[in-house]
Amino acid sequence: MTQSFRVRFLPEDKTVQVLEETSLLRAAQEADVYVGAICGGEGVCGKCRIIIREGEVFGESTEYLTRDEIRRGYVLACQVVPRTDLVVEVPPESRLVGYEGIGRDSERFRDFVFRPEELVPRDLCPLVQKYYLRLPEPTIDDPTPDLERLLAAVARQCPGPLQMGLKVIRDLPRQLRHCQKRRRGSKWFWHGAVTATVALRGAVHEVLAVEAEDNSRRSFGLALDIGTTTVVAHLVDLNTGKTVEAAAKYNSQLEYGADVISRINFARQPQGAERLHEAIIHDVEVLIDDLVARTHVGRGDIECVVAAGNTTMLHLLLGLETDLIRMAPFVPVAGSPPPIRAAEVGIRIHPRGLLYVLPMVGSFVGGDITAGILVAGIHKREELSLLLDIGTNGEVVLGSQEFLMACSASAGPAFEGGSVTCGMRATAGAIDSVRIGSPRFMIRVTTIEDAAPVGICGTGLIDLLAELFLAGLIDRNGHFQVHLAPERFRKNPLDGRPEFCLISGREVGSPRDVILRQCDIENLIRTKASIYAAIDSLVTGVGVSYADIHHVFIAGAFGNRLDVENCITIGLLPDMPPEKIHFIGNSSVSGAKKVMLSQAQYQEAQQIRERITYRELMVDPNYMEKFTSACFLPHTDVQRFPRVLARFKERSGREHPSFVR
């Protein structure tokens, strides 16, 4: 007979009853407790660390844990199942502080999600518009039916083909007239003053609603950035084009995997796709609740949603099959889905409100990149420009008004906190900047929210790698130079290789040391090499040089906090003057707003997708050669990086030892 056990999770103090073969990661999901699992429970990331406080478990989970951690009760949640009732603690490094509360998340992301200085487009002509109409009363001489009478009035404001749903048509007589019930039948009185809500839907305009009052000044839209890590929502006044308020939260799908491949794999499990779809719809609903509560805008006043995101996230939002995205020939279900009723996917706005999705280029270049091109305007520029979106997948676009070429590199989760021993998301306690100076390699760090350091996020990892290199503590291969500062190194108990101790937990009151291992450096170098090789493949493939590129636009939250010089130092970005590099913030949500507020921009987004030539790096014979050449600091060919040579010499007064032949 199958047994079941009670599992209590601390510090949330949530309890769940699970069957004996249920992993503790799955138990945490059922209890609605977040436990970081970068790989989605495949057992290959070592991030779902929990502590068994009471009870016994069964399973093997020692590969990613030290002897001291095992002695203190650490296990990997995805690898063990209960054998008794349990009390489990989720340590800080496995949690997302503020994950359960939208208020705190919105404050954390506020600089990223809310930019009130954004300009209202000059061609303000939103996807949904309201018209207040006064229709003449029918007469014996003019017995034009209600429908044709209304459509003729709308057509004068909005030329072109029009359509209207049966439900709206059925209600039309009541909206155009007052009806008084009488003992012998009813009496109808014409008033003819109505507000018609009209939305662009493909090649036609649809009358979404007709209301017997002047409600033309209350019209709102929701712009969404469906990110792999965060979901951002902007509430926009469609009459003025101004952003009323913004909110953000962590994507609840994180518990099923940190990257799109992990989530695609999870979607293949029974009910996996449904759970991922429900998770993102829940997030959108939570964001709408928050925005409605803070602005007193009713859900019914929101008449459209425009969503941008990578191809996998948008497919999960729509409930589309994702398995084909990861399989050759990498064909998504839809590249440019038509507008649909938001209610069809479970988003509760105006009952007939529409959901628009920005067009996707391919399986790994999504609507967020289309939005980025639109915001950066590289498709209109005479000069050559680069657009970069650095994440688990590094998307790159090279182009001008003459051409657009895009590619995607599978960079891996290192800059997202995965595949690095003490790597973590950019949340409270994450080290986000590092400096190593004199004397004796003195270390200075900052952490998010000034909390005690428990790990290091992507920007901190880039800083650390660059600072170690500039200090001479690692060579061009990324190998530790232990003899220069033996007090900063110790032996890794798992493989005997040296590891660098960035922060001693005992000294700062943190539950663990923050360290960098040799294998971590190898993963970081492979990640930066993948992105640089993708850039180089486009540049050389088109037959131009880096000197020909006038602008580099970096999109996303990650870009907002990057140290450009350190990115160049490690060879993540090409060596070019920093003034050419521009951070454009959350271009995904900004692009969604541009489309929402301008029918011309909506058509332009469709045209951008059609103009882009996608270059598949997996079949590019030169990509692997470029990748291998980039697996050094900053590159095999150091002459590509004169600024790095000069920067090291300026700091140390000598040449870097590994540059000397």
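Residues numbered from 1 in each chain as written. Predicted model: local features only at pLDDT ≥ 70, side-chain atom pairs only at ≥ 80, totals over all residues. Heavy atoms only, no water.

Draft legend 1. Main features of the overall build of the protein. When its secondary structure is counted, the protein shows 19 helices and 31 strands. Its C-alpha radius of gyration of 28 Å places the protein within 12% of the 26 Å reference for a compact globule of 661 residues. Principal axes of the C-alpha set define a box for the protein whose edges measure 100 × 70 × 45 Å. Considering the protein as a whole, with its 661 residues, one finds that 59% of them fall into the buried category. Long-range contacts, defined here as pairs at least 24 residues apart, represent 66% of the contacts in the protein between residues at least 6 apart. Working note: accessible area of the protein is about 27500 Å², and carbon and sulfur atoms make up 50% of it. In the protein, 75 side chains carry a positive charge and 83 a negative one; their mean positions are 3 Å apart. (Helix = DSSP H or I, 4+ residues; strand = E, 2+ residues; numbered from the N terminus. Rg over C-alpha atoms; globule rule 2.2 N^0.38 Å. Buried < 20%, exposed > 50% of the residue type's maximum accessible area, 1.4 Å probe, protein only. Contact = heavy atoms within 4.5 Å. Areas by Shrake-Rupley, 256 points an atom, 1.4 Å probe, with all protein chains shown as cover. Lys, Arg positive; Asp, Glu negative; His and termini not counted. Charge placed at Lys NZ, Arg CZ, Asp CG, Glu CD.)

Draft legend 2. How the structure looks around the sheet that holds strand β25 (residues 455–456). With mixed pairing, the 3 strands of this open sheet are ordered in space as β24-β23-β25. Taken across any chain shown, the strands that pair with only one partner, and hence form the sheet edges, are β24 (442–447) and β25. In the packing of helix α11 (residues 458–470) onto the sheet, the strands contacted are β23 (430–437) and β25, and the crossing angle to β23 comes to about 15°. (Pairing = 2+ DSSP bridges. Axes fitted to C-alpha atoms, helices over the stretch in contact; angles between N-to-C directions.)

Draft legend 3. The packing of aromatic side chains, seen in detail. A complete count under the given rule lists 8 aromatic pairs for this structure. Considering the side-chain rings of Phe 489 and Phe 500, the 5.4 Å spacing of their centres and the 65° angle between planes classify their relative orientation as edge-to-face. Pair noted here: Phe 489 is in strand β26 (residues 489–491) and Phe 500 is in strand β27 (residues 498–503), with a separation of 11 residues, a long-range link. Each of the two residues, Phe 489 as well as Phe 500, counts as buried. Judged by centre distance (5.8 Å) and plane angle (45°), the ring pair of Tyr 532 and Phe 641 falls under tilted. (Phe/Tyr/Trp six-rings, centres within 6.5 Å; stacked < 30°, edge-to-face > 60°.)

Draft legend 4. Examining the confidence of the model for the protein more closely. Per-residue pLDDT for the protein averages 89, and the proportion of residues at 70 or more is 93%. Across the protein, the secondary-structure element scoring lowest on mean pLDDT is helix α3 (residues 102–108), at 47, and the one scoring highest is strand β19 (residues 354–357), at 98. Every residue in residues 98–106 is under pLDDT 50, and counting partners more than four places away or in other chains gives 25 contacts. (pLDDT = per-residue confidence, 0-100.)

Draft legend 5. Molecular detail of the packing of helix α10 (residues 367–376) against helix α17 (residues 599–611). Direction vectors running N to C along α10 and α17 enclose 115°, while the axes themselves pass 10 Å from each other. The two elements α10 and α17 cross, and the hand of that crossing is right-handed. Along the contact surface, α10 presents Thr 370, Ile 373 and Leu 374, while α17 presents Gln 601, Glu 604, Ala 605 and Ile 608. Per-class residue counts for the contact of α10 with α17 are 4 nonpolar, 2 polar and 1 charged. (Left-handed = near helix turned anticlockwise from the far one by under 90°. Nonpolar A, V, L, I, M, F, W, Y, C, P; charged D, E, K, R; others polar.)

Draft legend 6. Spotlight on unusual backbone geometry. The omega angle of the peptide bond from Leu 10 to Pro 11 is 5°, so this bond is cis rather than trans. Following the sequence through the fold, Pro 11 ends up in the loop between β1 (4–10) and β2 (14–19). Residue Pro 634 is reached from Leu 633 by a cis peptide bond, and omega for that bond is -10°. Mapped onto the fold, Pro 634 is located in the loop between α18 (623–629) and α19 (642–652). Residue Phe 441 is not a glycine yet carries a positive backbone phi of 55°. Looking at where Phe 441 falls in the secondary structure, it is placed in the loop between β23 and β24.

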